[in-house]
Every structure is written in C-alpha cells, then in structure tokens.
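Observations on the model geometry
Residues per chain, in single letters:
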Amino acid sequence: MNVELTKFKVKKGKSQHVDEWLKFLNENMKDVLITLEDEKMFVETIFREKINGDEYLYWYSVQGEGGQKVEQSNHWIDKKHLEFWGECIDETFKPVDLKTEVVMIPEKIRKSMI
C-alpha cells in the first residue's frame, strides 16, 4: 500500500482554471470514482493552498499495489483531468513528496483495501 502526499505548484494566472478543474471533478464524482477502481486508489484527496501569492495543490492518496496509472486510462474523465493538469500545473516546479511518518489505518480497513 502506498500512502502519499505531494505538493504541486499552480501556474501563474491559472487559479480560475483550477476552480473549474476542481468543480469539474466534484460535479463528475460518479465517473471519477469509477476510474479509481482501475488505479487501485482507495483514497484520493486534493488540497489547495495560497502562500505569498503562489498557489499549490496537494494530492493525498492511499493506493494499492499494481494499479493502472492515470496516464494509461482511456476513460474520458481521466483524459479531461490530464488536460486540466497540463493547463494548470507548473512543470518547472519540482513536486515535493512529503515524508510519510505514520500511517494509521485500522486493520479491518486495511484488509478491505487488498
């Protein structure tokens, strides 16, 4: 099981487009959740932060082993998601993977995640 929290920087001037992106995901949650099955993604959460005029998105995820990468998906929702990603995420900023120190998932929940 992989538990990750990664920080990405939003391109300058793309905050409104990020609004649209997050709204799109929320409005299409039924289809989003279907795509998570192939990825073996148990939990995926996006956080947003603004610091000194810069904007960041954080992805928190709990994922099983051997899941499909979103880039390999043919599902329309993933294609649109990656389109937003290309528009909004600053590729010149090296993503920051925060260090996982403690994972607190009760055993009965872990067993259902296999």
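Remember, predicted model here, so these are calculated numbers, not experimental data.

1. Here we look at the environment of Leu 5
Turning to its location among the elements, Leu 5 is positioned in strand E1 (residues 2–9). Given a relative accessible area of 25%, Leu 5 falls into the partly exposed group. The sequence separation of Leu 5 and Val 62 amounts to 57 residues, and the corresponding C-alpha distance is 9.2 Å. Those residues in contact with Leu 5 that sit more than four places away from it in its chain are Tyr 58, Trp 59, Tyr 60, Val 96, Asp 97 and Leu 98.

2. Description of the packing of aromatic side chains
One pass over the structure, following the stated rule, counts nine aromatic pairs. Ring centres of Trp 21 and Trp 85 lie 6.1 Å apart, and the angle between their planes is 80°; on these two criteria the pair is classed as edge-to-face. In this pair, Trp 21 is assigned in helix H1 (residues 15–27) and Trp 85 in helix H3 (residues 76–88), connecting sequence segments 64 residues apart. Here Phe 24 and Trp 76 contribute two aromatic rings whose centre-to-centre distance is 6.0 Å and whose plane-to-plane angle is 80°, an arrangement assigned as edge-to-face.

3. Considering the pattern of salt bridges
Inspection of every chain in the model, using the stated rule, returns eight salt bridges. One salt bridge in this structure joins Asp 19 and Arg 48, with 2.7 Å as the shortest N-O distance. Separated by 29 residues along the polypeptide, Asp 19 in helix H1 and Arg 48 in strand E2 (residues 41–51) bring together distant segments of the chain. Judged by relative accessible area, which is 34%, Arg 48 ranks as partly exposed.

4. Looking at unusual backbone geometry
Positive phi values are uncommon outside glycine, yet Lys 40 reaches one of about 55°. Among the secondary structure elements, Lys 40 is positioned in the loop between helix H2 (29–39) and E2. What makes Lys 40 partly exposed here is its relative accessible area of 39%. Notably, Asn 52 is not glycine yet its phi reads approximately 50°, a positive angle. Note on Asn 52: relative accessible area 79%, which makes it exposed.

5. A short note on the environment of Leu 82
Here Leu 82 shows up in helix H3. Placed 11 residues apart in sequence, Leu 82 and Glu 71 show a C-alpha to C-alpha distance of 7.6 Å. If near-sequence neighbours (up to four positions away) are discounted, Leu 82 is found in contact with Val 70 and Glu 71.

6. Considerations on H3
For H3, which comprises 13 residues, the first-to-last C-alpha distance of 18 Å matches the rise-based estimate of 18 Å (1.5 Å per residue) to within 8%. Within the sequence span of H3, burial applies to Ile 77, Asp 78, His 81, Phe 84, Trp 85 and Cys 88. Summarising the axial view, the buried residues of H3 lie within an arc of 120°, below the 170-degree limit, and thus occupy one face. Here the buried face of H3 lies against E1, H1, H2 and strand E3 (54–63).

Rules behind the numbers
- Residues numbered from 1 in each chain as written.
- Predicted model: local features only at pLDDT ≥ 70, side-chain atom pairs only at ≥ 80, totals over all residues.
- Heavy atoms only, no water.
- Helix = DSSP H or I, 4+ residues; strand = E, 2+ residues; numbered from the N terminus.
- Buried < 20%, exposed > 50% of the residue type's maximum accessible area, 1.4 Å probe, protein only.
- Contact = heavy atoms within 4.5 Å.
- Phe/Tyr/Trp six-rings, centres within 6.5 Å; stacked < 30°, edge-to-face > 60°.
- Salt bridge = Lys/Arg side-chain N within 4 Å of Asp/Glu carboxyl O.
- Expected span 1.5 Å × (residues − 1).
- Arc of directions from axis to C-beta.

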